[in-house]
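For reference, the chains in residue letters:
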Amino acid sequence: MSSEDRVTVEDVMSTPLETIPADATVEEAAGRMRDKNISALVVPTTPRSIVSSTDVLDAVADGRDTSELAVSDVMTTDVETVTPDLYMEEVAAMLTTYGIKHLPVVDDDYVGMVSSTDVTAHLS
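These figures come from a predicted structure and were not determined experimentally.

The rules we used
Residues numbered from 1 in each chain as written. Predicted model: local features only at pLDDT ≥ 70, side-chain atom pairs only at ≥ 80, totals over all residues. Heavy atoms only, no water. Helix = DSSP H or I, 4+ residues; strand = E, 2+ residues; numbered from the N terminus. Rg over C-alpha atoms; globule rule 2.2 N^0.38 Å. Buried < 20%, exposed > 50% of the residue type's maximum accessible area, 1.4 Å probe, protein only. Contact = heavy atoms within 4.5 Å. Pairing = 2+ DSSP bridges. Axes fitted to C-alpha atoms, helices over the stretch in contact; angles between N-to-C directions. Core = buried A, V, L, I, M, F, W, Y, C linked by side-chain atoms within 4.5 Å. Lys, Arg positive; Asp, Glu negative; His and termini not counted. Salt bridge = Lys/Arg side-chain N within 4 Å of Asp/Glu carboxyl O. Polar contact = N/O pair within 3.5 Å; in protein donor to acceptor, adjacent residues only side chain to side chain. Parallel < 35°, antiparallel > 145°, perpendicular 65-115°, else oblique. Left-handed = near helix turned anticlockwise from the far one by under 90°. Nonpolar A, V, L, I, M, F, W, Y, C, P; charged D, E, K, R; others polar.

*Asks:* Before we move on, can you summarise the overall build of the protein chain with the specific residues and values?
*Replies:* Across its full length, the protein chain holds five helices and five strands. Put simply, the protein chain runs from its N terminus to its C terminus through helices and strands in the order α-α-β-β-α-β-α-β-β-α. The C-alpha atoms of the protein chain give 15 Å as radius of gyration, which agrees with the globular expectation for 124 residues (14 Å, within 12%). Referenced to the eigenvectors of the C-alpha coordinate spread, the extents of the protein chain come out at roughly 50 × 30 × 25 Å. Expressed as a percentage of the 124 residues in the protein chain, the buried residues total 38%. Of all intrachain contacts in the protein chain linking residues separated by at least 6 positions in sequence, the fraction that spans at least 24 positions is 56%.

*Asks:* Describe the sheet that holds strand β1 (residues 40-43), listing the residues and the values that go with them.
*Replies:* Judged by pairing direction, the sheet is antiparallel, and its three strands sit side by side in the order β1-β2-β3 without closing on themselves. The open sheet has two free edges, formed respectively by β1 and β3 (76-77), since each of these has just one partner strand. Of the strand pairs in this sheet, β1 and strand β2 (residues 49-52) are connected by four bridges, and their pairing is antiparallel. Bridge pairing in β2 links V42 to I50. Along the sheet face, helix α3 (residues 53-61) touches β2 and β3 and points at about 60° away from the line of β2.

*Asks:* Lay out the nonpolar core in plain terms, naming residues and giving numbers.
*Replies:* I20, A29, L41, V43, V51, V71 and V74 are the most contacted members of the largest nonpolar core, which has 14 residues in total. Elements represented by at least two residues in this core include exactly α2 (26-36), β1 and α3. The biggest single contributor to this core is α2, with three residues. Formed by 12 residues, the second largest nonpolar core is a distinct cluster that contains V82, L86, V91 and V114.

*Asks:* Hey, could you go over the side chain of D55 for me, with residue numbers and the actual values?
*Replies:* Among the structural elements, D55 can be located in helix α3. No salt bridge is formed by the buried D55, whose closest oppositely charged neighbour, R64, lies at an N-O distance of 9.4 Å. Among the polar contacts listed, one links the side chain of D55 to the side chain of T76, at a separation of 3.5 Å. Discounting residues that sit within four places of it in the chain, D55 has contacts with I50, V74, M75 and T76.

*Asks:* Before we move on, can you summarise the packing of helix α4 (residues 88-98) against helix α5 (residues 116-123) with the specific residues and values?
*Replies:* As a packed pair, α4 and α5 sit with axes 10 Å apart at the nearest point and diverge in direction by 135°. What the angle tells us is that α4 and α5 run oblique. Remark: the crossing between α4 and α5 carries left-handed chirality. Across the interface between the two elements, M88, V91, A92 and L95 from α4 touch S116, D118, V119 and H122 from α5. When the residues that make up the contact of α4 with α5 are grouped by side-chain class, the tally is five nonpolar, two polar and one charged.

*Asks:* Tell me about the pattern of salt bridges, and name the residues and values.
*Replies:* If you walk through the whole model with that rule in mind, you get three salt bridges. In this structure, E18 and K36 form a salt bridge, with 3.9 Å as the shortest nitrogen-oxygen distance. Here K36 lies in helix α2 and E18 lies in the loop between α1 (9-12) and α2, a separation of 18 residues in the sequence. You can call K36 partly exposed: its relative accessible area is 44%. We note a salt bridge from D35 to R34, for which the minimum N-O separation is 3.6 Å.

What follows is the structure, given as structure tokens:
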């Protein structure tokens, strides 16, 4: 397969990127994910961060009050990122190596999100 035929992150990433502030509540994050039918939101912080449905589920399972709990208290920080020109095979390897399900796509700034669901859809 030539490089011209290979699928890149840019071909499959989700856009527009959905974000949520670090000071929003976990309940707000859960509602936004449900409304958008997605399982992670970028939290525009330094270092780069996301809040995922797993983070929300962990907070609920721990009995924490998600109506008062801030996204910053449960988000995953210093997340791995990818560039739009990366090949999907490389993304699949990263997801497996790091044991993660989401990778923000960065090209100077955030431009999208690629997930394990995107990889699965590409490979099927």
